[in-house]
Amino acid sequence: MSGMRPDLSGVDPLTVNLTHRVCIGDLLTRSAAHYGERIALVDGADEVSYVELNARANALARGLLDRGYQRGDAVAIQMQNSWQFVASFFALAKIGVVAMPVNLLLSASDIAYQLDDSGVRAVITEDVFLGVLGPAIAQAEGPSVTEVIVSGTAPADVSGVAAVAYDDVFAADRSSVEVIVEDRDIVHCLYTSGTTSRPKGVVTSHVAVQVSALSSALGLGLRPDTEPAVQPIVLPLFHVTALDALLLPSLTVGATVVLLRGFDPAALANVFTERAVTHLTMLPMMWGALLQQPALADGDTDSLITGLYAMAPMPAELLTALRARFPKAALILGSGQTETTPASELQWSGHQGVKDNSWGPATVSTDIAIMGGDGTLLPTGEVGEIVYRAPQLMEGYWNNAAANTEAFAHGWFHGGDIGYLDDEAVVWFTDRAKDIIKTGGENVSSVEVERVLLGHEAVSEVAVVGLPDDHWGEVVTAFVVATDGVDGETIQAWARERLAGFKAPKSVVVVDALPKTATGKIQKNVVRQQPR
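These numbers were taken from a predicted model, which means no experiment stands behind them.

Draft legend 1. Highlighting the overall build of the protein chain. Looking only at helices and strands, the protein chain features 16 helices and 27 strands. For the protein chain, the C-alpha radius of gyration of 24 Å lies close to 24 Å, the compact-globule estimate for 532 residues. Referenced to the eigenvectors of the C-alpha coordinate spread, the extents of the protein chain come out at roughly 70 × 55 × 55 Å. For the protein chain, the proportion of its 532 residues judged to be buried stands at 57%. For the protein chain, the share of sequence-separated contacts (at least 6 apart) that also reach a separation of at least 24 residues comes to 67%. A total of about 21900 Å² of accessible surface is found on the protein chain, and carbon and sulfur atoms cover 51% of it. Placing the 35 positive and 62 negative side-chain charges of the protein chain at their respective mean positions leaves the two points 2 Å apart.

Structure (structure tokens):
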């Protein structure tokens, strides 16, 4: 290899690595040095400083090294939002071990599949999850799991696999751990939701996650200051949004993160009362529930700088009400996928009220283009597949060469979304490719129909899908959660007044609830199986 390169043959390889690398474990080390005794995490009654969080992560990392874990191993984390989850994640990152957060709503068979597919060496869990983890280990075909580390009361074994108490793994030495970790080593493996097929393991590098953290901090208006930002996290840390787009950017800039076990609007309203909340990310339905809380006083909302919503369209009436209640906040949409380490698109505050229905422009570290079916990049305004190039992209899918070949076809990453770019390079999402409804020779965007139906005052949630039909090929069908006893025919008639004939639902089915993933995404593959 030619080119200008320094001769570092006289420098210890570990020194070269430590002085040059990108390692997510170093993120916490730096923050502990920068922010010291500032509160990093609030976990119930516990307040954990940056120095203390880093010390706990170091002690756990040393304990794992003492137990034989080494760079390149993989360990599952099956934990609720807690300081233990965060310390475990950073401990693994510090020693180059891949973290595999587990969706807490998975069945034993789903977990067994992920244990087998990933080949994790151990599971760090809580005693409350042993009832599902035990059967999962028993069902797993591979012998990869050799140890279960249990926070809480640890049994002697879990389905024949040795168990050890979480607290007993911590070493007495809490000083910094210094081992070689390379930029493109894998920091985590996150499994997709698997709404159409078996979930795929998305493996992402240290440098990709670091770039994402810096880009998201910039986009969300997070920055170091004498008064720390305050960000409650209600989304689960096993999901890429909470972990990579919220937690890590916050800890990078010295923010105080308030961890909630789940979404409880009353508890969240109390956080606003007790602390000057500056940043918050939730699903639209969560924002609506927060708005209804009597404990949320007007003065408590003045501190909010950035309110982000994601994963579902926001009804225009709700967005207007939120902007009135949070007058000093930019209330904007963010988008991305596990594979692109979000956010990859983020609305600008200046587009509020102007381009609310867009995804916003690409984030500063992301290249976005629109591609035709033949691999040709399309000009402004033309609809095609949204494709990506970015340093925060996943390295690829684990154990799935065919999926990687398809995902990176024509030199770009294909996320499966359809849309176009306008003359300001703002991304307008049309639909997921698999959710476009083809009816009577016309293509209908399910998202467009959903946005219209959400404008009905009785509709709180909606999923629009195409169902097979002998005459039309597919028929536009809406499943809605409605209040006030409104029936489907009334909503259908209302929609016909506002949509072109071929876009209007041929059927509107009122249901009590819509099936969702653990992060609140509506599962359209399940919706399609529901009775009409």
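Draft legend 2. Examining the environment of Asp116 more closely. Here Asp116 is to be found in helix α5 (residues 108-118). Residue Asp116 is classed as partly exposed on the basis of its relative accessible area of 29%. Counting along the chain gives 103 residues from Asp116 to Pro13, while the straight-line C-alpha distance between them is 34 Å.

Draft legend 3. Molecular detail of helix α2 (residues 24-35). With 12 residues, α2 should reach 16 Å at 1.5 Å per residue; the first-to-last C-alpha distance of 17 Å fits that figure. Packed against the buried residues of α2 are α3 (50-66), α4 (83-94), β9 (186-191), α8 (206-220) and α9 (240-252). Gly36 sits one or two positions beyond α2 and adopts a positive phi of about 55 degrees.

Draft legend 4. How the structure looks around the sheet that holds strand β25 (residues 459-469). Strand order in the open sheet made by the 3 strands is β25-β26-β27, with mixed pairing throughout. Pairing within the sheet leaves two strands with one partner each, and these edge strands are β25 and β27 (507-510). Between one strand axis and the next, the sheet turns through 25 degrees on average, direction left out of account. In this sheet, β27 lies alongside strand β26 (residues 473-482) in parallel orientation, the contact comprising 4 bridges. Bridged to Thr477 within β27 is Ser507. Together, β25 and β26 form the strand contacts of helix α14 (residues 446-453), whose direction differs from that of β25 by roughly 145 degrees. The strands that helix α15 (residues 488-496) touches are β25, β26 and β27; relative to β27, the one it contacts most, it runs at about 140 degrees.

Draft legend 5. Representation of the layout of surface pockets. Volume-wise, the second largest pocket comes out at about 280 Å³. In terms of lining residues, the second largest pocket is bounded by 18 residues, among which Val234, Pro236, Arg261, Gly262 and Ala518 are the most central. Among the residues forming the lining of the second largest pocket, the class breakdown is 11 nonpolar, 5 polar and 2 charged. Taken domain by domain, the makeup of the lining of the second largest pocket includes at least three residues from each of domain 1 (13-206) and domain 2 (436-528).

Draft legend 6. Spotlight on the sheet that holds strand β1 (residues 39-43). Taken in spatial order, the 4 strands of this open sheet run β2-β1-β12-β11, and their pairing is mixed. Looking at the sheet topology across the chains shown, the edges are occupied by β2 (46-49) and β11 (230-233). Neighbouring strand axes in the sheet, compared pairwise and without regard to direction, differ in orientation by 20 degrees on average. With 4 bridges connecting them, β1 and β2 associate as antiparallel partners. The residue bridging Asp43 from the neighbouring strand is Asp46, located in β2. Packing against the sheet, α3 makes contact with β1 and β2, and its axis sits at approximately 85 degrees to β2.

Draft legend 7. A look at the domain arrangement of the protein chain. Domain assignment breaks the protein chain into domain 1 (13-206) and domain 2 (436-528). Just the C-alpha atoms count here: the centres of domain 1 and domain 2 sit 41 Å apart.

Draft legend 8. Examining the packing of α5 against helix α6 (residues 130-139) more closely. It is at 8 Å that the axes of α5 and α6 come closest, and there the two elements cross at 50 degrees. If you check the angle between α5 and α6, you find them oblique. As for how α5 packs across α6, the hand of that crossing is right-handed. Mapping the contact onto sequence places Ala108, Ser109, Ile111, Ala112 and Leu115 in α5 and Val132, Leu133, Pro135, Ala136, Ile137 and Gln139 in α6.

Draft legend 9. Quick look at the pattern of salt bridges. Under the defined criterion, the tally for this structure stands at 19 salt bridges. Residue Glu47 pairs with Arg275 through a salt bridge whose shortest N-O separation is 2.8 Å. With Glu47 in strand β2 and Arg275 in the loop between α10 (265-274) and β13 (279-282), the pair connects residues that are 228 residues apart, well separated along the chain. Accessibility expressed as a relative area gives 25% for Arg275, which makes it partly exposed. Ionic pairing is found between Lys355 and Glu424, a salt bridge with its closest N-O pair at 2.5 Å.

Draft legend 10. Seen up close, the packing of aromatic side chains. Tallied over the entire structure, the rule returns 9 aromatic pairs. Plain terms: the ring middles of Trp287 and Phe326 are 5.7 Å apart, the flat faces sit at 85 degrees to each other, and that makes the pair edge-to-face. Here Phe326 lies in the loop between α12 (316-325) and β15 (330-335) and Trp287 lies in helix α11 (residues 284-291), a separation of 39 residues in the sequence. The class for Trp287 is buried, based on a relative accessible area of 1%.

Draft legend 11. Representation of the nonpolar core within the structure. Leu41, Leu251, Trp287 and Phe326 are the most contacted members of the largest nonpolar core, which totals 106 residues. Tallying contributions element by element places α4 first for this core, with 9 residues. Counting residues in hydrophobic clusters, the runner-up holds 24 residues, among them Val98, Leu130, Ala136 and Cys189.

Draft legend 12. Geometry of the environment of Ala343. Relative to the elements of secondary structure, Ala343 occurs in the loop between β15 and β16 (345-346). Once the C-alpha coordinates of Ala343 and Leu220 are considered, the two residues, 123 residues apart in sequence, prove to be 9.7 Å apart. Other than its neighbours up to four places away in sequence, Ala343 contacts Ser216, Ala245, Ser335, Thr363 and Gln392.

Draft legend 13. Inspection of the side chain of Thr252 at higher detail. Mapped onto the secondary structure, Thr252 falls in helix α9. Engagement of the side chain of Thr252 in a polar contact is seen with the backbone oxygen of Leu248, the distance being 2.7 Å.

Draft legend 14. Focus on the environment of Pro232. With respect to the secondary-structure elements, Pro232 resides in strand β11. Residue contacts for Pro232: discarding those within four places in its chain leaves Val258, Leu260, Leu268, Val271, Val277, His279 and Leu280.

The rules behind these values
Residues numbered from 1 in each chain as written. Predicted model: local features only at pLDDT ≥ 70, side-chain atom pairs only at ≥ 80, totals over all residues. Heavy atoms only, no water. Helix = DSSP H or I, 4+ residues; strand = E, 2+ residues; numbered from the N terminus. Rg over C-alpha atoms; globule rule 2.2 N^0.38 Å. Buried < 20%, exposed > 50% of the residue type's maximum accessible area, 1.4 Å probe, protein only. Contact = heavy atoms within 4.5 Å. Areas by Shrake-Rupley, 256 points an atom, 1.4 Å probe, with all protein chains shown as cover. Lys, Arg positive; Asp, Glu negative; His and termini not counted. Charge placed at Lys NZ, Arg CZ, Asp CG, Glu CD. Expected span 1.5 Å × (residues − 1). Pairing = 2+ DSSP bridges. Axes fitted to C-alpha atoms, helices over the stretch in contact; angles between N-to-C directions. 1 Å grid on protein atoms, 1.4 Å probe; cavity = no way out; pocket = protein on both sides within 12 Å on 5 of 7 lines; lining within 4 Å. Points joined across faces, edges and corners; volume = space filled by probe spheres on them. Nonpolar A, V, L, I, M, F, W, Y, C, P; charged D, E, K, R; others polar. Domains from an automatic or database assignment. Parallel < 35°, antiparallel > 145°, perpendicular 65-115°, else oblique. Left-handed = near helix turned anticlockwise from the far one by under 90°. Salt bridge = Lys/Arg side-chain N within 4 Å of Asp/Glu carboxyl O. Phe/Tyr/Trp six-rings, centres within 6.5 Å; stacked < 30°, edge-to-face > 60°. Core = buried A, V, L, I, M, F, W, Y, C linked by side-chain atoms within 4.5 Å. Polar contact = N/O pair within 3.5 Å; in protein donor to acceptor, adjacent residues only side chain to side chain.

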